[in-house]
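Tertiary structure, described
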Amino acid sequence: MHHRNLITGIILIVIIGLLMIYSSIGHNVYDPDIDYIIKNFEKYNNTQVSFTGEIIEINNISNNILIKLLEPPYHKIIVNLNNTKENLNKGDYAEILGILNGKNHVTAEKILKIERWKHNLIYLRSLPAIPFALYLFFKTWKFNKETLKFERRKKNA
Amino acid sequence: MPDWLTHTLTGWLIGKTTKINIALIVIGSLIPDLVKINIAFTWLGINHLHVFDPLHTPVGAFLIAGIGALFFEDTKKAFIPLSIGVISHFVLDFFLVHLSGGTRLFFPLSWDKLNYSLIRSEDYWMTICAIIIAITVLIIYKFYDQKIKVFSK
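Residues numbered from 1 in each chain as written. Chains lettered and ligands numbered in written order. Predicted model: local features only at pLDDT ≥ 70, side-chain atom pairs only at ≥ 80, totals over all residues. Heavy atoms only, no water.

Residues and elements named next belong to chain A. Sheet architecture is closed into a barrel: five strands sit in the order S1-S2-S3-S5-S4, paired in mixed fashion. Within the sheet, the average angular offset between the axes of one strand and its neighbour, ignoring direction, is 55 degrees. In terms of strand pairing, strand S1 (residues 48–59) meets strand S4 (residues 93–100) through seven bridges, oriented antiparallel. Within S4, the position partnered with Phe51 by the bridge is Ile96. (Pairing = 2+ DSSP bridges. Helix = DSSP H or I, 4+ residues; strand = E, 2+ residues; numbered from the N terminus. Axes fitted to C-alpha atoms, helices over the stretch in contact; angles between N-to-C directions.)

This next bit is on the side chain of His27 of chain A. Tracing the chain through its elements places His27 of chain A in helix H1 (residues 3–30). Not counting the four nearest positions on each side in its chain, His27 of chain A is found in contact with Tyr22, Pro32 and Asp33 of chain A together with His50, Asp53, Arg104 and Trp111 of chain B. (Contact = heavy atoms within 4.5 Å.)

Counted according to the given criterion, the structure contains 17 aromatic pairs over all chains. With a centroid separation of 4.8 Å and 80 degrees between ring planes, the pair formed by Trp141 of chain A and Phe72 of chain B is classed as edge-to-face. With Trp141 of chain A in strand S6 (residues 141–144) and Phe72 of chain B in the loop between helix H4 (58–69) and helix H5 (75–94), the pair connects residues from two separate chains. Neither residue differs from the other here; Trp141 of chain A and Phe72 of chain B are each classed as buried. Measuring from centroid to centroid gives 5.4 Å for Phe94 of chain B and Phe95 of chain B, while their planes differ by 85 degrees, and the two rings are edge-to-face. Of the residues examined, Phe94 of chain B reaches a relative accessible area of 28% and is grouped as partly exposed. Put simply, the rings of Phe137, Phe138, Trp141, Phe143 and Phe150 of chain A together with Phe72 of chain B touch in pairs and so form one group of aromatic residues. Stacked on the ring of Tyr74 of chain A, the Lys or Arg Lys68 of chain A has its end atom at 5.6 Å from the ring centre. (Phe/Tyr/Trp six-rings, centres within 6.5 Å; stacked < 30°, edge-to-face > 60°. Buried < 20%, exposed > 50% of the residue type's maximum accessible area, 1.4 Å probe, protein only. Lys NZ or Arg CZ within 6 Å of the ring centre and 35° of its normal.)

The next subject is the interface of chain A and chain B. The partner chain B presents 53 residues to the 52 residues of chain A that form the contact. Three residues stand out in chain A for area buried against chain B, namely Leu19, Met20 and Arg125 of chain A, and they jointly supply 13% of the buried area on that side. For Arg104 of chain B, the salt bridge identified is with Asp31 of chain A, shortest N-O distance 2.2 Å. The tally of links from chain A across to chain B stands at 21 residue pairs in polar contact (both at pLDDT 80 or more). Those elements that provide at least two residues to the side of chain A that touches chain B are H1, S4, strand S5 (105–114), helix H4 (116–126), helix H5 (129–140) and strand S7 (149–152) of chain A. Per-element tally for the side of chain A that touches chain B: the top contributor is H1 of chain A, with 15 residues. Here the side of chain A that touches chain B is composed, by residue class, of 31 nonpolar, 10 polar and 11 charged. (Buried area = accessible area lost by both parts, 1.4 Å probe. Salt bridge = Lys/Arg side-chain N within 4 Å of Asp/Glu carboxyl O. Polar contact = N/O pair within 3.5 Å; in protein donor to acceptor, adjacent residues only side chain to side chain. Nonpolar A, V, L, I, M, F, W, Y, C, P; charged D, E, K, R; others polar.)

The linkage connecting Pro72 of chain A with the following residue, Pro73 of chain A, adopts the cis geometry, with an omega of 10 degrees. For Pro73 of chain A, the position within the fold is in the loop between strand S2 (64–69) and strand S3 (76–80). Cis peptide bonds are those with omega within 30 degrees of zero, and the linkage from Phe107 of chain B to Pro108 of chain B qualifies with 5 degrees. For Pro108 of chain B, the location among the structural elements is in the loop between H5 and helix H6 (124–152).

Right, let's get into the domain arrangement of chain A. How big an interface is tends to be reported as the loss of accessible area on association of its parts. When cut into domains, chain A gives domain 1 (1–30), domain 2 (34–115) and domain 3 (127–152). The centre of domain 1 of chain A, based on its C-alpha atoms, is set 25 Å off from the matching centre of domain 3 of chain A. (Domains from an automatic or database assignment.)

With that settled, consider the nonpolar core. Judged by nonpolar contacts, the single largest core of 25 residues is most densely connected at Phe137 and Trp141 of chain A together with Trp12, Leu24 and Phe72 of chain B. Residue assignment for this core shows that the elements contributing at least two residues are H5 of chain A together with helix H1 (4–18), helix H2 (22–30), H4, H5 and H6 of chain B. Those residues in contact with Leu24 of chain B that lie beyond four places of it in its chain are Phe137 and Trp141 of chain A together with Phe72, Ala78, Pro81 and Leu82 of chain B. Within the second largest apolar cluster, 21 residues are counted, among which are Ile37, Phe51, Leu69 and Leu88 of chain A. (Core = buried A, V, L, I, M, F, W, Y, C linked by side-chain atoms within 4.5 Å.)

Moving on, we get to the pattern of salt bridges. What the rule picks out here adds up to six salt bridges over all chains. With its nearest N and O atoms 2.6 Å apart, the salt bridge here joins Asp3 of chain B to Arg125 of chain A. Within this pair, whereas Asp3 of chain B is found in the segment before H1, its partner Arg125 of chain A is found in helix H4, the two belonging to separate chains. Relative accessible area serves as the criterion here: at 10%, Arg125 of chain A is assigned to the buried category. For Arg120 of chain B, the salt bridge is made with Glu122 of chain B, and the minimal N-O distance between the two is 2.9 Å. On the basis of relative accessible area, Glu122 of chain B is assigned to the buried category, the value being 6%. Each of the salt bridges in this network shares a partner with another, and the network as a whole consists of Asp31 of chain A together with Arg104 and Lys113 of chain B.

Take a look at the structure:
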């Protein structure tokens, strides 16, 4: 690889590294996620929060659902549905927008339901894209180990 | 996110109709979703601390496109189609329905998430439409290619 390219590459990697550090440090300040909010719940009590998770329990008597967050440490949050009319099923995924009014309690204002099979289908129909993209790429380009660069294949030149 | 098939087919359509390097546009259309490295960390039970989030912002994705372009003979010529792919990704993502905002289009200057709620991410009709349009365009191009060959004989 040419020296100029190497220096450019290092600069770009450093910039992206700094952005990653900034994202990690600044996230809890500018856009705290629900895990951080639960840990510091006194600070965020009675504020609007949003999160996504899997519905693991439905209580029709109290009109509550129990949501398991999708990311570690997989907190569970009770969501009250009195202000919404969404028809939810156990196993479905839901994006919740609501008011935090307890350490693990949110009163939902809006719910976006994603049925489990439709959620899984997103990943399933993403799979063909990988061989498709790789086929298109390697049909046109080949890697030259000596120059460390991709070169156009002759028939596609 | 719309699924990757929709992203790649959109990239393919842009490349096919504009005669710009199809393969690199398609690869570029997937660059912002490198953020899905997060999923691997989640599976391993490790908190990723939002380290990879900048990859799903225009600045981060263009930087990755720039790094990728350095591995081609003509860096500028590779960077343009990769960037077109990146832009197509964010245009599609902009129209996704979210309750809490969409993509941080102006990160690191702003943490605001922007979107125009139009299409739900799980809506498979978007993928079906993309497949139908791609097949139609492919047939049209095959038809015209054959016609040109007949005339040139």
